[in-house]
Amino acid sequence: VFSLLTALLDPAGRLFGLDGVILLAFILAFPANELVLPVAVMALSNAGSLLNAPSLLETLSAAGWTGKTALCAMVFFLFHWPCSTTLLTIKKETGSVRWTLLAFLLPTLAGVALCMLLNLLL
């Protein structure tokens, strides 16, 4: 199932300089954004545990990551949707679904646009 989902997400990820694995890791880590990289490393290394995984550099290099992929991933880390707890807090504090959606969409669209731009320029 995981490989099917990553294959489905791969064309979208490639459009903005990422791949399907890191894109799925971002989605799966929605409850806690700090889990993106551990989920991606475990998926890329097929280790099942971070204790059994090779080094981060070895894992990403073996997965075909380049400097451009790493740069796009860093930019998307900075500009993507807030975690679910933040969105729930925004909803609770503002009482507005509109503000919550805006808080989700603005950074996400900025991240996608910046990554697409980087992917085209580099």
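If you're wondering where the values come from, they're calculated on a predicted model, not measured in any experiment.

(A) Representation of the packing of aromatic side chains within the structure. Scanning all chains against the criterion turns up six aromatic pairs. Both rings, one in Phe-26 and one in Trp-81, keep their centres 6.4 Å apart while their planes meet at 80°; by these two values the pair is edge-to-face. Linking Phe-26 in helix 2 (residues 20-28) with Trp-81 in the loop between helix 5 (67-78) and helix 6 (84-94), this pair joins segments that are 55 residues apart in sequence. When its relative accessible area of 9% is taken as the criterion, Trp-81 is described as buried. With a centroid separation of 5.8 Å and 15° between ring planes, the pair formed by Trp-81 and Phe-104 is classed as stacked. Taken together, the residues Trp-81 in the loop between helix 5 and helix 6 and Phe-104 in helix 7 (residues 97-121) connect sequence positions 23 residues apart. Here the aromatic cluster, defined as three or more aromatic residues joined through ring pairs, consists of Phe-16, Phe-26, Phe-76, Phe-77, Trp-81 and Phe-104.

Conventions adopted
- Residues numbered from 1 in each chain as written.
- Predicted model: local features only at pLDDT ≥ 70, side-chain atom pairs only at ≥ 80, totals over all residues.
- Heavy atoms only, no water.
- Phe/Tyr/Trp six-rings, centres within 6.5 Å; stacked < 30°, edge-to-face > 60°.
- Helix = DSSP H or I, 4+ residues; strand = E, 2+ residues; numbered from the N terminus.
- Buried < 20%, exposed > 50% of the residue type's maximum accessible area, 1.4 Å probe, protein only.

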